[in-house]
Amino acid sequence: MSPWEAITWNTARAGGFTAYLLVTISVLLGLALSMRWQVRWWPRLISYELHVWITNLSFVFLGIHIFASWIDPFTRFGLNELLLPFASHYRPLWMALGIVAMYLSLAVTLSLFIRRQIGYTWWLRLHELS
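Here is a short report on the structure shown in this document. (Residues numbered from 1 in each chain as written. Predicted model: local features only at pLDDT ≥ 70, side-chain atom pairs only at ≥ 80, totals over all residues. Heavy atoms only, no water.)

Structurally, the position occupied by L83 is in helix 3 (residues 79-83). Leave out the neighbours within four places in its chain, and L83 touches I99, M102 and Y103. (Helix = DSSP H or I, 4+ residues; strand = E, 2+ residues; numbered from the N terminus. Contact = heavy atoms within 4.5 Å.)

What follows is the structure, given as structure tokens:
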């Protein structure tokens, strides 16, 4: 394995793992917000902003994961293999699950911008369904 292959391979794995960890933290913060778990000295607004910030940061690391996987000479993914479920030659089931999860996460995040159009109740149902 060349040094470039090692860099892209490790960057792709580290980006994916970090994104997964950040999404987990974001979900836990979202659950704490929805269940109204809070400490008196920690304002709810900070928890909400932290939830949004960590979610956005997870998309940054998801982008790093996808880009590093795309340029990795070992896996040789085409863009269609990274964006279309079941199009990958490498572990198609797991790749498809990751791609579908990416699209669902993106839909939930983008639904924040159309919350007024779809109504708060439907937005909350979609958010909780995720």
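Resuming the write-up.
With that settled, consider the packing of aromatic side chains. Across all of its chains, the model carries 4 aromatic pairs by this definition. For the ring pair F67 and W70, a centre distance of 6.1 Å and an interplane angle of 65 degrees mean the geometry is edge-to-face. Remark: W70 and F67 occur in helix 2 (residues 44-71); sequence separation between them is 3 residues, near one turn of the helix. For W70, a relative accessible area of 38% corresponds to the partly exposed category. The interplanar angle of 65 degrees and the centroid separation of 6.1 Å between the aromatic rings of F77 and Y90 together place this pair among those described as edge-to-face. A residue pair is termed long-range when its members are at least 10 positions apart, and F77 in the loop between helix 2 and helix 3 and Y90 in the loop between helix 3 and helix 4 (92-110) qualify at 13 residues. Looking at Y90, the relative accessible area reads 27%, which means it is partly exposed. In this structure, R13 packs its charged tip against the face of W9, placed 3.6 Å from the ring centre. (Phe/Tyr/Trp six-rings, centres within 6.5 Å; stacked < 30°, edge-to-face > 60°. Buried < 20%, exposed > 50% of the residue type's maximum accessible area, 1.4 Å probe, protein only. Lys NZ or Arg CZ within 6 Å of the ring centre and 35° of its normal.)

Between its first and last C-alpha, helix 4 extends 27 Å over 19 residues, near the 27 Å set by a 1.5 Å rise per residue. Listing the buried residues of helix 4 in full gives M95, A96, I99, M102, V108 and T109. (Expected span 1.5 Å × (residues − 1).)

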